[in-house]
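Results of the structural survey
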Protein chains: 2
Amino acid sequence: MNKTLAERAAQELLIYIREEGLVEGEKLPNEYELSEKLGVGRNTVREAVRVLASRNILRIKQGAGTFLTDKPGMVEDPLGFSFMEDQRKLVTDLMQVRLIVEPAIAALAAQNATEKDIQQLTLLCEEVERMIEEGKDFSEKDRAFHAKLADCTKNLVMKNLIPVICQGVEAFSSNVSEQEYRQTVETHRNILMAVKNGKAVDAEQAMSYHLLYNIQRYKKE
Amino acid sequence: MNKTLAERAAQELLIYIREEGLVEGEKLPNEYELSEKLGVGRNTVREAVRVLASRNILRIKQGAGTFLTDKPGMVEDPLGFSFMEDQRKLVTDLMQVRLIVEPAIAALAAQNATEKDIQQLTLLCEEVERMIEEGKDFSEKDRAFHAKLADCTKNLVMKNLIPVICQGVEAFSSNVSEQEYRQTVETHRNILMAVKNGKAVDAEQAMSYHLLYNIQRYKKE
């Protein structure tokens, strides 16, 4: 089977998955059923499944069947950070990207967030604060706060991109110095308030301040 | 072998690959040699290779050996665009991301481009113009121009991110209308001139105009 044929079958299978509304982690019908539903041979189905597995959309579990992955189409370290040589420069560059992208995200979030978004964002903000009070590591919740902001923009690309960038900063900053509690609480709250009140410019500036503060801190290490 | 052990071995193998300065597509020493060089068992080497293969850093060719991939760590469609349902919205969102990121890239390019960068950028600009004169499809060279600008920033992340975004726009815009020749030639030249002269603000604005023009055109379709 040539590459184009397998590719086309994969595209059809993808459309089928979307139309059926299969969710993350869900099991696909077996090869025989898929062959019937798509109106193609079982060999073609098998090839299509392989193509989508190589793209991290499907996972083949021997003996159990074929499943949609938990984050279809997303792979660990999708932008190849772990292969970059100068990891300190990588962190600086990631922060530069954040400084370009995240203020714009905060502004879009203020413009586009729904009531439900704001509730979720508020909860995340409060969780970070509670963890700080309890002296716990809040970095995961901190990332979730930034990811939720990206989600509030309603921009499909930002939603996938920001977790990758934030995760990268954390994974590769060798010296994560003592977390700056007061500053995190204050600036997260300022961003949240601006988004809540639909003030795009305030949100943008609050995010710029938040990031610049962290960049300065990293430079001093 | 637990996940942590395999992960650690993969990390060591990665360091080895970097230190040896292996280049894209190059063959790795065999399992036995790697085992000696890394000072770990062959099972561990095998696991480490599998981990890096799953990240698209290594490719195992049966009977031929293990090779560094052509774009280590990068996968096709790394941000999962093909799994997004509303592909027209995806294109709009990709253009929104470009409008946030690429003017800043143009500014950084004007600030950081070397003489050699400018020569390469000039060549790409001329190639696009020649293809236009010859009535050929210049979209690939157009993407190369934007990718080269990202390269001029010296930001490691931008260099990997921009090709993904630009490729996405092209792959998912169902109606690529007639290419706008005159506008492409003019605005590319304006961006190039600003970068050449080290004028960051001019470069930023020229890029904004270039993208806004294209966004308007897409909206009218």
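Within an unreviewed UniProt entry, the label attached to chain A reads DNA-binding transcriptional regulator, FadR family, and the organism entered is Alkalibacter saccharofermentans DSM 14828.

By a widespread convention, an interface's size corresponds to the accessible area lost as its parts come together. Facing the 41 residues of chain A at the interface are 41 residues of chain B. Together, the buried faces of chain A and chain B total about 3,600 Å²; carbon and sulfur atoms form 68% of this surface. Ranking the residues of chain A by area buried against chain B places R18, F83 and V157 of chain A at the top, with a combined share of 20%. Counting across the interface, chain A meets chain B through zero salt bridges. The tally of links between chain A and chain B comes to 10 residue pairs in polar contact (both at pLDDT 80 or more). Secondary-structure elements contributing two or more residues to the side of chain A that touches chain B are α1 (3-20), α4 (87-112) and α7 (156-172) of chain A. With 11 residues, α4 of chain A is the single largest residue contributor to the side of chain A that touches chain B. Of the residues contributing to the side of chain A that touches chain B, the split by class is 25 nonpolar, seven polar and nine charged.

Another aspect to go through is the environment of D151 of chain A. Residue and element names in this part refer to chain A. Position of D151 among the secondary structure elements: in helix α6 (residues 139-152). C-alpha separation for the pair D151 and A113, spaced 38 residues apart in sequence, amounts to 8.5 Å. Those residues within four positions of D151 in sequence are excluded, and the remaining contacts are D117 and K159.

Residues and elements named next belong to chain A. The N-to-C vectors of α4 and helix α9 (residues 200-219) enclose an angle of 165°; their axes lie 6 Å apart at closest approach. Looking at the two axes, α4 sits roughly antiparallel to α9. Note that α4 runs across α9; the crossing there is right-handed. Residues R88, V91, T92, M95, R98, L99, E102, P103, A106, A107 and A110 of α4 pack against A200, A203, E204, M207, S208, L211, L212, N214, I215, Y218 and K219 of α9. Tallied by class, residues from the contact of α4 with α9 come to 14 nonpolar, three polar and five charged.

Attention now moves to α6 of chain A. All names here are of chain A. An ideal rise of 1.5 Å per residue puts 20 Å on 14 residues; α6 measures up with 20 Å between its terminal C-alpha atoms. Looking only at α6, the buried set comprises S139, D142, R143, F145, H146, K148, L149, A150 and C152. At its buried positions, α6 is contacted by α4, α5 (115-133), α7, α8 (181-196) and α9. Backbone geometry just after α6 places K154 at a positive phi near 65°.

Here the focus is the packing of aromatic side chains. Summed over the entire model, instances satisfying the criterion amount to four aromatic pairs over all chains. Relative to Y213 of chain B, the ring of Y209 of chain B lies with its centre 6.2 Å away and its plane at 50°, an arrangement referred to as tilted. Remark: Y213 of chain B and Y209 of chain B occur in helix α9 (residues 200-220); sequence separation between them is four residues, near one turn of the helix. Directly above the aromatic system of F67 of chain A lies the positively charged group of K61 of chain A, at a separation of 4.5 Å from the ring centroid.

So, about α4 of chain A. Because each turn of an α-helix spans 3.6 residues, side chains separated by three or four positions in sequence point in the same direction. Residues and elements named next belong to chain A. For α4, spanning 26 residues, the distance from its first C-alpha to its last is 35 Å, which sits close to the expected 38 Å at 1.5 Å a residue. Residue L99 marks the point of greatest curvature in α4, where the axis turns by about 30°; the proline P103 follows within four residues. With a side-chain oxygen positioned 3.3 Å from the backbone nitrogen of R88, the residue opening α4 is D86.

Attention shifts here to the relation of the copies chain A and chain B. Superposition record for chain A on chain B: RMSD 0.1 Å, screw rotation 180°, translation along axis 0.1 Å. Here the copies are linked by what is in effect a two-fold axis. The C-alpha atom lying nearest the rotation axis in chain A is that of P78 of chain A; the distance is 2.6 Å. Interface overlap between copies: 100% of the residues of chain A at the interface are likewise at the interface in chain B, consistent with a symmetric, same-surface contact.

Let's shift gears to the pattern of salt bridges. Residues and elements named next belong to chain B. Under the definition given, this model contains 26 salt bridges over all chains. Note that E47 is salt-bridged to R50, the shortest N-O span being 3.2 Å. Pair noted here: E47 and R50 are both in helix α3 (residues 42-54), with a separation of three residues, about one helical turn. Salt-bridge contacts for D93 lead to K89; the nearest nitrogen and oxygen are separated by 2.9 Å. Of this pair, D93 and K89 both sit in helix α4 (residues 87-112), four residues apart, roughly one helical turn. The buried category is assigned to D93, whose relative accessible area is 5%.

Right, let's get into the pairing of strand β1 (residues 58-61) of chain B. All names here are of chain B. Of the strand pairs in this sheet, β1 and strand β2 (residues 65-68) are connected by four bridges, and their pairing is antiparallel. Directly across from I60, in β2, lies its bridge partner T66. The hairpin formed by β1 and β2 contains three residues between the paired strands, and G63 there has a positive phi angle of roughly 85°.

Take the nonpolar core next. Core analysis: the largest hydrophobic core is formed by 88 residues, its most contacted members being F81, L149 and V195 of chain A together with F81, L149 and V195 of chain B. Excluding residues within four positions of it along the chain, L149 of chain B makes contact with I105, A109, L121, I191, V195 and M207 of chain B.

Turning next to unusual backbone geometry. Residues and elements named next belong to chain A. Not every positive phi belongs to a glycine, and K154 is a case in point at roughly 65°. Turning to its location among the elements, K154 is positioned in the loop between α6 and α7. K154 gets classed as partly exposed once you look at its relative accessible area, which sits at 34%.

Quick notes on the rules
- Residues numbered from 1 in each chain as written.
- Chains lettered and ligands numbered in written order.
- Predicted model: local features only at pLDDT ≥ 70, side-chain atom pairs only at ≥ 80, totals over all residues.
- Heavy atoms only, no water.
- Contact = heavy atoms within 4.5 Å.
- Buried area = accessible area lost by both parts, 1.4 Å probe.
- Salt bridge = Lys/Arg side-chain N within 4 Å of Asp/Glu carboxyl O.
- Polar contact = N/O pair within 3.5 Å; in protein donor to acceptor, adjacent residues only side chain to side chain.
- Helix = DSSP H or I, 4+ residues; strand = E, 2+ residues; numbered from the N terminus.
- Nonpolar A, V, L, I, M, F, W, Y, C, P; charged D, E, K, R; others polar.
- Axes fitted to C-alpha atoms, helices over the stretch in contact; angles between N-to-C directions.
- Parallel < 35°, antiparallel > 145°, perpendicular 65-115°, else oblique.
- Left-handed = near helix turned anticlockwise from the far one by under 90°.
- Expected span 1.5 Å × (residues − 1).
- Buried < 20%, exposed > 50% of the residue type's maximum accessible area, 1.4 Å probe, protein only.
- Phe/Tyr/Trp six-rings, centres within 6.5 Å; stacked < 30°, edge-to-face > 60°.
- Lys NZ or Arg CZ within 6 Å of the ring centre and 35° of its normal.
- Bend = angle between axes of the 7 residues up to and from the residue.
- Least-squares fit on C-alpha atoms with pLDDT ≥ 70 in both.
- Pairing = 2+ DSSP bridges.
- Core = buried A, V, L, I, M, F, W, Y, C linked by side-chain atoms within 4.5 Å.

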